[in-house]
Amino acid sequence: MEIFKTKSALKAFLKPLKASGKKIALVPTMGALHNGHISLIDLAKENADLIICSIFVNPTQFTDPKDLEKYPRPIAHDLAMLEAAGCNGVFMPDVIEMYPKGADESWHIDLGNAEFLLEGAFRKGHYQGVTQIVKKLFDAVEPDVAMFGQKDFQQVLMIKNMLTHFNLPITIITCPIIREDDGLAMSSRNIHLSADDRKHSLVLSQSLQFVIDHFEELSLIELEDKAKSFYKNIDGVELDYFTIANGDTLEPAKSKEENNLVALVAAKVGSTRLIDNMIIK
């Protein structure tokens with residue numbers, strides 16, 4: 001497994017491989033890897049000849065400096081996981097490599113109204129930062145396919161909108177959420193949960209599963225109301241939002257007959273903010 005710190009070294013490695021017709025997959029990450037990330041590597045192997053994983057904790061997408069500071073960075077652990085998973089190369093640039101001093105880093109593109117909903121309402125500017133760094137990674141790797149996890153459902157939609165904006169010839173593959181045995185969605189943030197927080201965090205997947213299990217028998221309003229009631233009287237859990245939305249626009253669903261419906265939730269559990277979702281249909 002090759003490790004690259006600069007875009008020039010990465011491009012030099014990839015150039016002859018692309019010339020020989022190899023299909024390249026990019027798996028962008030911020031590190032602190034878990035089995036959810038490894039599932040992206042596994043799916044990438046089915047869709048490409050060569051897998052490049054990036055590890056970069058991007059400062060422009062953190063709206064809270066403390067969140068950036070405490071983001072876990074277990075590099076040795078991450079590299080061991082990637083090598084065991086059969087990753088071919090790892091791109092690990094520093095901040096200066098991705099945001100050179102003196103460069104014009106102004107960035108604002110039209111991502112559609114969905115940018116300002118849900119996570120966008122709680123983390124203003126977040127998706128401008130996400131799409132900016134993903135575009136930089138796409139420029140560095142020029143992949144044929146890129147793998148993103150369904151857990152960040154809104155992020156995947158924003159990246160697809162960014163691809164349309166720039167007319168980039170990259171296929172986005174959304175990978176299913178990987179869960180712990182008790183249903184909690186795997187996340188790098190789970191490491192911050194105390195023992196009590198860990199138990200309380202199950203309310204996210206339980207409320208989503210309630211919607212899936214009762215979708216046929218209850219109205220949309222009843223489903224949302226009952227799902228939100230799961231969060232009452234749980235110490236240390238604060239619900240930010242729970243919604244059943246159109247998966248293409250993230251606007252609240254108006255009818256159960258809509259083709260692409262998804263239930264999405266965000267809540268603060270202790271001091272850790274968690275998100276989760278389940279696709280209804």
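Residues numbered from 1 in each chain as written. Predicted model: local features only at pLDDT ≥ 70, side-chain atom pairs only at ≥ 80, totals over all residues. Heavy atoms only, no water.

Brief notes about the packing of aromatic side chains
And then number 1: All told, the structure shown has 6 aromatic pairs when counted by the stated rule.
And then number 2: Residues F122 and Y241 carry aromatic rings whose centres are separated by 6.0 Å and whose planes lie at 45 degrees to one another, so their mutual orientation is tilted. You can see F122 sitting in helix α6 (residues 119–122) and its partner Y241 sitting in strand β7 (residues 237–246), a full 119 residues away along the chain.
And then number 3: For F122, a relative accessible area of 42% corresponds to the partly exposed category.
And then number 4: Above the ring of F215, the side-chain terminus of K256 is found at 4.9 Å from the ring centroid. (Phe/Tyr/Trp six-rings, centres within 6.5 Å; stacked < 30°, edge-to-face > 60°. Helix = DSSP H or I, 4+ residues; strand = E, 2+ residues; numbered from the N terminus. Buried < 20%, exposed > 50% of the residue type's maximum accessible area, 1.4 Å probe, protein only. Lys NZ or Arg CZ within 6 Å of the ring centre and 35° of its normal.)

As for unusual backbone geometry
And then number 1: Even without being a glycine, E142 presents a positive backbone phi close to 50 degrees.
And then number 2: Inspection of the secondary structure puts E142 in the loop between α7 (126–141) and β5 (145–149).
And then number 3: Backbone geometry at N233 places phi at a positive 65 degrees, although glycine is not the residue there.
And then number 4: Its location among the elements puts N233 in the loop between α11 (220–229) and β7.
And then number 5: Given a relative accessible area of 81%, N233 falls into the exposed group.

Section: the UniProt feature "active site" (unreviewed entry) in the protein chain
And then number 1: Following the UniProt record, the feature "active site" (unreviewed entry) maps to H37 here.
And then number 2: Mapped onto the elements of the fold, H37 is located in helix α2 (residues 35–47).
And then number 3: In this structure, H37 is in contact with T29, G31, A32 and S188, ignoring residues within four places of it in sequence. (UniProt positions renumbered as here; feature names shortened; annotations may be inferred. Contact = heavy atoms within 4.5 Å.)

Re the sheet that holds strand β9 (residues 272–279)
Within a sheet, adjacent strands bond to each other through the backbone by hydrogen bonds, running parallel or antiparallel.
And then number 1: Strand order in the open sheet formed by 3 strands is β7-β8-β9, and the pairing between neighbours is antiparallel. Looking at the sheet topology across the chains shown, the edges are occupied by β7 and β9. Here the average twist between neighbouring strands, direction ignored, is 15 degrees.
And then number 2: Strand direction decides the pairing type here: strand β8 (residues 261–269) and β9, joined by 8 bridges, are antiparallel. Across the sheet, residue A266 finds its bridge partner in β9, namely I275.
And then number 3: Against the sheet, helix α10 (residues 202–214) contacts β7, β8 and β9, and its axis sits at roughly 20 degrees relative to β9. (Pairing = 2+ DSSP bridges. Axes fitted to C-alpha atoms, helices over the stretch in contact; angles between N-to-C directions.)

Regarding helix α1 (residues 7–19)
And then number 1: Over its 13 residues, α1 extends 18 Å from the first C-alpha to the last, a length consistent with the 18 Å expected when each residue adds 1.5 Å.
And then number 2: Maximal helix bending in α1 amounts to about 25 degrees, located at F13; proline P16 follows within four positions. (Expected span 1.5 Å × (residues − 1). Bend = angle between axes of the 7 residues up to and from the residue.)

A look at the side chain of T272
And then number 1: If you trace the backbone, T272 turns up in strand β9.
And then number 2: When its relative accessible area of 2% is taken as the criterion, T272 is described as buried.

A closer look at the domain arrangement of the protein chain
And then number 1: Under the domain assignment used here, the protein chain contains domain 1 (2–175) and domain 2 (190–276).
And then number 2: Counting from both sides, the interface comprises 14 residues of domain 1 and, opposite them, 16 residues of domain 2.
And then number 3: Here domain 1 and domain 2 share an interface that buries about 1400 Å² over both sides, 65% of which is from carbon and sulfur atoms.
And then number 4: Our count for the contact surface shared by domain 1 and domain 2 stands at 1 salt bridge.
And then number 5: Close ionic contact of R273 with E119 constitutes a salt bridge, the shortest N to O distance being 2.6 Å. (Domains from an automatic or database assignment. Buried area = accessible area lost by both parts, 1.4 Å probe. Salt bridge = Lys/Arg side-chain N within 4 Å of Asp/Glu carboxyl O.)

Describing the pairing of strand β2 (residues 24–29)
And then number 1: Burial analysis of β2 places 6 of its 6 residues in the buried class, the great majority of the element.
And then number 2: By the alternation rule, side chains of β2 split into I24, L26 and P28 and A25, V27 and T29, which are all buried.
And then number 3: For the crossover from β2 across α2 to strand β3 (residues 50–55), the handedness is right-handed.
And then number 4: Sheet analysis places β2 next to β5, joined by 2 bridges and oriented parallel. Within the sheet, the bridge partner assigned to L26 lies in β5 and is A146. (Right-handed = clockwise from strand over helix to strand, strands pointing away.)

Re the pattern of salt bridges
Pairs can form between side chains of opposite charge whenever their charged atoms are close.
And then number 1: As enumerated under the stated definition, the model contains 11 salt bridges in all.
And then number 2: R179 is the partner of D276 in a salt bridge, and the nearest nitrogen-oxygen pair spans 2.9 Å. Of this pair, D276 sits in strand β9 while R179 sits in the loop between β6 (171–175) and α9 (195–200); the two residues are 97 residues apart in sequence, bridging distant segments of the chain.
And then number 3: Classification of R179 as partly exposed rests on a relative accessible area of 24%.
And then number 4: Put simply, E119, R123, D240 and R273 are held in one network by salt bridges that share partners.

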